[in-house]
Amino acid sequence: MVAIIGANASAVPIDEAKAFLRIAGSDEDALLAAMIRSATGLCEAFTGLALIERDVEEMLPARPVWTRLGQSPVRSIAQVFGLPASGEAGALAPEDYAVDIDAAGDGWARILRGEGFGRVRVHYRAGQAPDWNGIAEPLRHGILRMAAHLYTHRDPEDGAGPPAAVTALWLPYRRLRLR
């Protein structure tokens, strides 16, 4: 289970989306912001990348094998907590676990000594950029186009699928994982 700690920042500022859609007023800012958040989530799901850096908390089985963390690219791995079947979680000593971040940005954790723990909770930071300005332009433009599509095609029965340009913009960044 992966839990994002704190609010996800938007990958595209609302003013940029309003300019793209030629919207002058602010009557539908909340709706447009929701469309941007949805488009950002779709981009992250499609590419397998966390776009804007954020803190992540993930539960893993306490096993002595390397286990890949769910979000990438991983920037840092802060701490590992052991979770006993009963009682409170406790921080593991650094000699009780090993962590690594590989060249592709995937984070890995391995529990070396975890007697009494069925699971562990790993705290780490993941994301492509610290803010929206650092995200690759094709990803941002795809999010902008997808948000515009969601905004203009609010009726699900109009049959309009997402624009092919969105896939073309996101595809070079897609990371597929074999489990």
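Just so it is clear, the structure is predicted and the values come from calculations on it, not from any experiment.

Helix and strand counts for the protein stand at four helices and eight strands. If you line up the protein on its principal axes, its C-alpha atoms span 60 × 30 × 30 Å. At a minimum sequence separation of 6, the contacts of the protein that also span at least 24 residues come to 74%. Summed over its atoms, the accessible surface of the protein is roughly 9800 Å², and 54% of this surface lies on carbon and sulfur atoms. Computed over 19 positive and 22 negative side-chain charges, the separation of the two mean positions in the protein equals 5 Å.

All right, on to the sheet that holds strand β3 (residues 67-68) then. Spatial ordering of the open sheet is given by β3-β7-β6, a layout of three strands whose pairing is antiparallel. Of all the strands in the sheet, the pair left with one neighbour each is β3 and β6 (97-101). Here five bridges tie β6 to strand β7 (residues 107-111), and the two strands are oriented antiparallel to one another. Paired with Tyr-97 across the bridge in β7 is Ile-111.

The next subject is the packing of helix α2 (residues 29-47) against helix α3 (residues 137-152). Geometrically, a packed helix pair is captured by the angle between its two axes and the distance between the axes. Where α2 contacts α3, the axes come no closer than 8 Å and their chain directions differ by 130 degrees. By the angle between their directions, the pair α2 and α3 is classed as oblique. Seen along the crossing, α2 lies across α3 with a hand that is right-handed. From α2, Leu-31, Leu-32, Met-35, Ile-36, Ser-38, Ala-39, Thr-40, Leu-42, Cys-43 and Thr-47 reach across to α3, where they touch Leu-139, Ile-143, Met-146, Ala-147, Leu-150 and Tyr-151. Of the residues that constitute the contact of α2 with α3, the class distribution is 13 nonpolar, three polar and no charged.

Now for the pairing of β7. What you see with β7 is a clean split: Gly-107, Ala-109 and Ile-111 sit on the buried side and Trp-108 and Arg-110 on the side with no burial. As judged from the two bridges shared by β3 and β7, these two strands associate in the antiparallel manner. Residue pairing for β7: Arg-68 is matched across the bridge by Trp-108. The antiparallel pairing of β6 with β7 creates a hairpin that spans five residues between the two strands, and Gly-105 there sits at a positive phi of about 90 degrees.

Attention now moves to the nonpolar core. Nonpolar side chains in soluble globular proteins tend to be buried together. Counting 24 residues, the largest nonpolar core has Leu-51, Ile-135, Leu-139, Ile-143 and Trp-170 as the members making the most contacts within it. For this core, the secondary-structure elements that each account for two or more residues are α1 (14-21), α2, α3 and α4 (164-170). Core analysis: the second largest hydrophobic core is formed by 15 residues, Ala-50, Val-74, Tyr-97 and Ala-109 among them.

What follows is about the environment of Glu-137. Take Glu-137: it is sitting in helix α3. Along the primary structure Glu-137 and Leu-169 are separated by 32 residues, whereas in three dimensions their C-alpha atoms are 9.0 Å apart.

Moving on: the packing of α1 against α2. Look at α1 against α2: their axes get within 10 Å of each other, and the N-to-C directions meet at 100 degrees. By the angle between their directions, the pair α1 and α2 is classed as roughly perpendicular. Residues Ile-14, Ala-17, Lys-18 and Leu-21 of α1 form the contact with α2, whose own contacting residues are Asp-29, Leu-32, Ala-33 and Ile-36.

Rules behind the numbers
Residues numbered from 1 in each chain as written. Predicted model: local features only at pLDDT ≥ 70, side-chain atom pairs only at ≥ 80, totals over all residues. Heavy atoms only, no water. Helix = DSSP H or I, 4+ residues; strand = E, 2+ residues; numbered from the N terminus. Contact = heavy atoms within 4.5 Å. Areas by Shrake-Rupley, 256 points an atom, 1.4 Å probe, with all protein chains shown as cover. Lys, Arg positive; Asp, Glu negative; His and termini not counted. Charge placed at Lys NZ, Arg CZ, Asp CG, Glu CD. Pairing = 2+ DSSP bridges. Axes fitted to C-alpha atoms, helices over the stretch in contact; angles between N-to-C directions. Parallel < 35°, antiparallel > 145°, perpendicular 65-115°, else oblique. Left-handed = near helix turned anticlockwise from the far one by under 90°. Nonpolar A, V, L, I, M, F, W, Y, C, P; charged D, E, K, R; others polar. Buried < 20%, exposed > 50% of the residue type's maximum accessible area, 1.4 Å probe, protein only. Core = buried A, V, L, I, M, F, W, Y, C linked by side-chain atoms within 4.5 Å.

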